[in-house]
Amino acid sequence: MSAGSVLQTKVTLADIHPPTWRRLQVPADLELARLHLAIQTAMGWENYHMHLFTTRAGDYGLRDSEPGHRDERKAPMDTVAPTADDTQLGYGV
């Protein structure tokens, strides 16, 4: 991706009716840690719970060797974002 590229993502809450979602546009090089904060803000949440990103490249979360998650601060969106063939990036709180 070129410098200054923007990715658009739709964040949809699972198992909620009516559907609740937000569409975010973020820099392609935004780290997952900062995406987490953007999601928290967009949803009106206050960042009280642990979270985990599930990507095609593996699981990312807060830096902690015990669960074996990769460091979300070192994972830019353009390296873990879904492709046309793989349309989901999991995010759980």
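Note that the structure is predicted; figures quoted are calculated from it, not measured.

Draft legend 1. Examining the nonpolar core more closely. Ranked by size, the top nonpolar core spans 16 residues in total, and within it V26, L32, L35, I39 and M77 carry the most contacts. Those elements giving two or more residues to this core turn out to be β1 (6-12), β2 (21-27), α1 (32-43) and α2 (77-80). With four residues, α1 is the largest single contributor of residues to this core. Leave out the neighbours within four places in its chain, and I39 touches V11, L24, W45, F53 and Y91.

Draft legend 2. Quick peek at the sheet that holds strand β5 (residues 70-71). With respect to topology, four strands assemble into an open sheet ordered β5-β4-β3-β6, the strand pairing being mixed. Both outer strands of the open sheet, β5 and β6 (90-92), are each paired with one neighbouring strand and no more. Running at roughly 115 degrees to strand β3 (residues 52-55), α1 makes contact with β3, β4 (58-61) and β6 of the sheet.

What counts, and at which threshold
- Residues numbered from 1 in each chain as written.
- Predicted model: local features only at pLDDT ≥ 70, side-chain atom pairs only at ≥ 80, totals over all residues.
- Heavy atoms only, no water.
- Core = buried A, V, L, I, M, F, W, Y, C linked by side-chain atoms within 4.5 Å.
- Buried < 20%, exposed > 50% of the residue type's maximum accessible area, 1.4 Å probe, protein only.
- Helix = DSSP H or I, 4+ residues; strand = E, 2+ residues; numbered from the N terminus.
- Contact = heavy atoms within 4.5 Å.
- Pairing = 2+ DSSP bridges.
- Axes fitted to C-alpha atoms, helices over the stretch in contact; angles between N-to-C directions.

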